[in-house]
Amino acid sequence: MDFELPPDDDPRRAEVREWLAAHPHPTDRQLAESGYVAPHWPKPYGLDADPIHQLIIDDELKRAGVRRPSNQIGIGWAGPTLLHAGTQAQKDRYLLPLLAAEEIWCQLFSEPDAGSDLANLSTRAERDGDVYVVNGQKIWTSFGHIAQFGILIARTNPDAPKHKGISYFICPMDLPGIEVRPIVEMTGAHTFNEVFFTDVRIPAENLVGEENEGWSLAKVTLGNERVSLSGGGALWGLGPTAADLLELIRSGGGLTDPVLRQRAAMVHVESEILRLIRLRTVTAAIKGEPPGPEASVRKVLADEHGQHVMALAKDLCGAEGMLSEGDALGGQAGFWHYGFLFSQALTIGGGTGDVQRNIIAERVLGLPHDVDVEAGMTWAEARAAASDAR
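Overview of the structure. (Residues numbered from 1 in each chain as written. Predicted model: local features only at pLDDT ≥ 70, side-chain atom pairs only at ≥ 80, totals over all residues. Heavy atoms only, no water.)

All right, on to a nonpolar patch on the surface then. A cluster of nonpolar side chains, M266, V269, I273 and L301, forms an exposed patch at the surface whose accessible area comes to about 310 Å². The dominant element in the nonpolar patch, judged by the number of residues it contributes, is helix α8 (residues 258-286), at three residues. Counting through the fold element by element, L301 comes out in helix α9 (residues 293-316). On the basis of relative accessibility, which here comes to 37%, the residue L301 falls in the partly exposed class. (Patch = residues over 30% accessible without salt bridge, like charges linked within 9 Å, V, L, I, M, F, W, Y side chains within 5 Å. Areas by Shrake-Rupley, 256 points an atom, 1.4 Å probe, with all protein chains shown as cover. Salt bridge = Lys/Arg side-chain N within 4 Å of Asp/Glu carboxyl O. Helix = DSSP H or I, 4+ residues; strand = E, 2+ residues; numbered from the N terminus. Buried < 20%, exposed > 50% of the residue type's maximum accessible area, 1.4 Å probe, protein only.)

Right, dumping it as structure tokens:
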């Protein structure tokens, strides 16, 4: 890593500080209109900020105790895709409310029958005049129960190869025919949902990009990740970090058990490796270079690291670890209990660890691709062949 953040007298810092002095308690809308929510986005939604400028803004907002609006899927995934392929009317309608978290978004991608092969989705969208009629089912839809809009991929041409007959839509979640059913996790929380579509009529103007070319946009959505220097929590960037756990251990007098002590050392090592990977990725971005192999392995390492942190925390609670609440680790153990249960999903959500390893093997190490038994088939032919095989 060969960069340092600019000093306090950098004019870009002064500009952010002047704005914060004029807006000591900015609203989410003010932050969005200023360009500080997603400064790397083009104007007028962002500031066309390069990576160093982004990090300066992050640093100054953190110093001032200002938090950006929370709309993870909208800001992180839907917004960049609309910037990439949306019409000007779509950008004008959706981007500022999305940045200000005035309208929450969800992602309608995964399906129960598609498994880990997202391109094998079967939800259909059939053109009927100036609308598309959608029928099918989605699953693991985070925030679907509170979202105003969703990014939806659906099959518009079953007689094309599976990657070629998919289209990408903006889906208002209050349309007639949409049913959202909660999936309550073993943590007791309700984040995920399954969503059913029965003759849902989506306006044709909500098509993003070209019909049947939605798979390329889905890859834009899934591949979007903003450059950030934040350490991030152990649960997909949320929650406590390994450093938080180690500080609790130190404040409690350290560890005498050699096995637990070694596990604590290992989560520290993992945390440092992930920090250095993040910094290498930022360095590459600053130089204008594409991400190297380190970006490909980060998800696998981070997901397993989160599980290691939470499992160690649970074990350090001792017998009280069997309880959802208790006086352990120098305080209430409730969140560690939640984190332990939630962490089981880390190596599944967003692409399983096994699938990620296949991607690394093929695209980073150059190992041969798995044999594709569906090569040359349309989606309908592949589905018929799979049905006959059963």
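For the rest of this paragraph, the subject is the packing of helix α1 (residues 11-22) against helix α3 (residues 51-63). Between α1 and α3, the least distance of the axes is 10 Å, while the angle of their chain directions is 40 degrees. Crossing angle aside, the handedness with which α1 passes α3 is right-handed. Residues R12, R13, V16, R17 and L20 of α1 form the contact with α3, whose participating residues are I52, H53, I56, I57, D59, E60, L61 and R63. Its residues assigned to classes, the contact of α1 with α3 shows six nonpolar, one polar and six charged. (Axes fitted to C-alpha atoms, helices over the stretch in contact; angles between N-to-C directions. Left-handed = near helix turned anticlockwise from the far one by under 90°. Contact = heavy atoms within 4.5 Å. Nonpolar A, V, L, I, M, F, W, Y, C, P; charged D, E, K, R; others polar.)

Evaluated as defined, the whole model comprises 23 salt bridges. Close ionic contact of R63 with D59 constitutes a salt bridge, the shortest N to O distance being 3.7 Å. Of this pair, R63 and D59 both sit in helix α3, four residues apart, which is roughly one turn of the helix. In this structure, E179 engages R181 in a salt bridge whose closest nitrogen and oxygen atoms are separated by 2.9 Å. Residue R181 is classed as partly exposed on the basis of its relative accessible area of 35%. Among the charged side chains, a network of salt bridges with common partners joins D8, R13, R17, D59, E60 and R63.

Turning to the pairing of strand β1 (residues 105-108), a few remarks are in order. Of the two faces of β1, the one lined by W105 and Q107 and the one lined by C106 and L108 are each fully buried. Of the pairings in the sheet, the one linking β1 to strand β4 (residues 149-155) comprises four bridges and is parallel in character. Across the sheet, the residue bridging to C106 is G150, located in β4. (Pairing = 2+ DSSP bridges.)

Another aspect to go through is the packing of aromatic side chains. According to the stated counting rule, one finds nine aromatic pairs in the structure shown. The interplanar angle of 85 degrees and the centroid separation of 5.7 Å between the aromatic rings of Y94 and W105 together place this pair among those described as edge-to-face. With Y94 in helix α5 (residues 88-99) and W105 in strand β1, the pair connects residues that are 11 residues apart, well separated along the chain. Side by side, Y94 and W105 carry an identical accessibility label, which is buried. Plain terms: the ring middles of Y94 and F149 are 5.2 Å apart, the flat faces sit at 75 degrees to each other, and that makes the pair edge-to-face. Taken together, the residues Y94 in helix α5 and F149 in strand β4 connect sequence positions 55 residues apart. The side chain of R181 reaches across the aromatic face of F196, ending 4.1 Å from its centre. (Phe/Tyr/Trp six-rings, centres within 6.5 Å; stacked < 30°, edge-to-face > 60°. Lys NZ or Arg CZ within 6 Å of the ring centre and 35° of its normal.)

Here we take up the nonpolar core. In terms of nonpolar packing, the biggest core is built from 38 residues, with W41, L99, W105 and I153 touching the most fellow members. Secondary structure elements with two or more residues in this core: α1, α2 (28-34), α3, α4 (72-85), α5, β4, β5 (166-172) and α6 (214-223). Here this core takes five residues from α4, the largest share from any one element. Ignoring any residue separated from it by four or fewer positions in sequence, one finds L99 in contact with A32, V37, A38, W41, Y45, P69 and I75. If you look at the next biggest cluster of nonpolar residues, it comprises 21 residues, including F169, M173, L175 and F197. (Core = buried A, V, L, I, M, F, W, Y, C linked by side-chain atoms within 4.5 Å.)

Each pair of packed helices can be summarised by the angle the axes make with each other and by the distance between the axes. Running from N to C, α4 and α5 point in directions that differ by 160 degrees, and their axes come no closer than 10 Å. On the basis of their axis angle, the class for α4 and α5 is roughly antiparallel. Considering how the two elements wind past one another, α4 and α5 form a crossing that is left-handed. Counted together, G74, I75, A78, G79, L82 and L83 of α4 and Q90, K91, Y94, L95, L98 and L99 of α5 form the full contact between these two elements. (Parallel < 35°, antiparallel > 145°, perpendicular 65-115°, else oblique.)

Read these as layout, nothing more, since geometry by itself doesn't imply function.
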